Amino acid sequence: MKRDEIRIRDPFVLVDNKSKKYYLYGTTCLIEGYKTERRLCVYESSDLETFSDPITVFDGTDFWAESDYWAPEVFYYNDKYYMFASFKSKNRSRCTQVLVCDTPNGKFKPLTDKPLTPDGWECLDGTLYVEDGKPYMIFCREWLDVKDGQMYLVELSPDLKTTVSEPKYLFSASENSFATPFDDGNGNPCYVTDGPFVYRDNDKTVMLWSSVHNGEYCILKAVADTINGKWTQIKKPVFSVNGGHCMLFTDLDGHEKMALHYPNQCPQERAMFLDFHKSIK
């Protein structure tokens, strides 16, 4: 398959330098709007342009979630592959749960029987970040709950099976002046927080995250001294032309890349890979 044949939102690329392969995950199996089948897939590639047919890595058999199989991210951690993904059911709010597998393209299984995000909160897009040897999950509390979407941090146990701290509030979407509100249909202004991705740049911890500017999806940036520090919003957007939910990776030639989906309209979404130069400006 060619890259422009794959409808995908929230693309996430895992690079395997040994096999010289890229593994592309994301919100795929879309059947109507943002609705998805009860499965998660991966596409394999050696050049980021030609990909394999989709390989099902999680089919939801005997799993509690009925819908919204969204935004899987896969990390190689402690000799295994861990997938952080969003799920939802009629009886459970949207949340992030962790799956695990011995290979990046094998059959992932739930690491535990419950999500890592708080019960009763509408959450999504949990991502893994390790700082000073400690694993953390950064996640979004949706505007559906709080109108002004929020970003939270929670420390995880070393085996990623449970949280070992209370959720820590980091910031709200409206703190970045480039993010603009939309009406929820009842006259209430709402702001989006989506897709956090965290990395270290020199002496700063940087978060790329997505929101909305005048009705169009965009990528914004915040910086802090450490993951637990005070976050400062960078007013200049990273990407502002109706694309977002990004992550960074180093390609097989050693170049830093940013993956995102563009455009944000159903069903035109495709993975885009751009050269990226780290900077806190």
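Here the structure is shown first, and the text comes after it.
This structure is a prediction, so every number in the text was calculated from the model and none was measured. Residues take numbers from 1 onward in each chain, read along the sequence in its written order. A pLDDT threshold of at least 70 governs which residues receive local features in this predicted model, and a stricter bar of 80 or more applies before side-chain atom pairs are shown or counted, although totals over entire chains, interfaces and linings include all residues. Note that the side-chain values use all heavy atoms of the structure and ignore hydrogens as well as water.

**Side note on the pattern of salt bridges**
What counts as a salt bridge is simple: a side-chain nitrogen of Lys or Arg found within 4 Å of a carboxyl oxygen of Asp or Glu. All told, the structure shown has 13 salt bridges when counted by the stated rule. With a closest N to O distance of 3.1 Å, Lys 21 and Glu 44 form a salt bridge. Pair noted here: Lys 21 is in strand S2 (residues 21-27) and Glu 44 is in strand S5 (residues 40-45), with a separation of 23 residues, a long-range link. Asp 184 is paired through a salt bridge with Lys 147; the nearest N and O atoms lie 2.9 Å apart. Remark: Lys 147 occurs in the loop between helix H1 (143-146) and strand S13 (150-155) and Asp 184 occurs in the loop between strand S15 (182-183) and strand S16 (189-190); sequence separation between them is 37 residues. Each of Arg 7, Arg 9 and Glu 269 takes part in one network of salt bridges that share partners. Only DSSP runs of H or I reaching four residues or more are called helices, and only runs of E reaching two or more are called strands; each is numbered from the N terminus.

**Let's talk about the sheet that holds strand S10 (residues 109-110)**
When DSSP finds two or more bridges between two strands, those strands count as paired. Strands sit in the order S7-S8-S9-S10 across an open sheet of four strands; the sheet is antiparallel. Of all strands in the sheet, those with a lone pairing partner are strand S7 (67-77) and S10, marking the two edges.

**Digging into the sheet that holds strand S14 (residues 168-172)**
Read from one edge of the open sheet, four strands run S11-S12-S13-S14, paired in antiparallel fashion. Of all strands in the sheet, those with a lone pairing partner are strand S11 (123-131) and S14, marking the two edges. Across this sheet, the average inter-strand angle for adjacent strands is 25 degrees, counted without regard to direction. Here S11 pairs with strand S12 (residues 134-141) via seven bridges, running antiparallel. Paired with Leu 124 across the bridge in S12 is Cys 140. Here, axes are lines fitted to C-alpha atoms. For helices the fit covers the stretch in contact, and angles between N-to-C directions go from 0 to 180 degrees.

**Thoughts on the environment of Gly 106**
You can see Gly 106 is positioned in the loop between strand S9 (92-101) and S10. A sequence separation of 64 residues divides Gly 106 from Val 42, and the C-alpha atoms of the two residues are 9.5 Å apart. A contact between two residues is defined here by any heavy atoms of the two lying within 4.5 Å. Not counting chain neighbours up to four residues away, the residues in contact with Gly 106 comprise Val 57 and Cys 101.

**Things to note about the packing of aromatic side chains**
For any pair of aromatic rings, the description consists of the separation of the ring centres together with the inter-plane angle of the planes. Each Phe, Tyr or Trp ring, with Trp reduced to its six-membered ring, pairs with another whose centre is within 6.5 Å; inter-plane angles below 30 degrees give stacked pairs, above 60 give edge-to-face pairs, and intermediate values give tilted ones. Across all of its chains, the model carries 22 aromatic pairs by this definition. Ring geometry for Phe 63 and Tyr 69: centres 6.5 Å apart, planes at 75 degrees, overall edge-to-face. Summary of the burial criterion: residues with accessible area below 20% of their type's maximum are buried, those above 50% are exposed, and those between are partly exposed, where the area comes from a 1.4 Å probe applied to protein chains only. Residue class for Phe 63 comes out buried when judged on its relative accessible area of 8%. In this structure Tyr 69 comes out as buried when scored by relative accessible area, which is 0%. Three or more aromatic residues joined by ring pairs make a cluster, and in this case those are Phe 58, Phe 63, Trp 64, Tyr 69 and Phe 87. Distance and angle both matter: a charge sits over a ring if NZ of Lys or CZ of Arg is within 6 Å of the ring centre and within 35 degrees of the ring normal. Between the NZ or CZ atom of Arg 92 and the centre of the ring of Trp 64, over which it lies, the distance is 4.6 Å.

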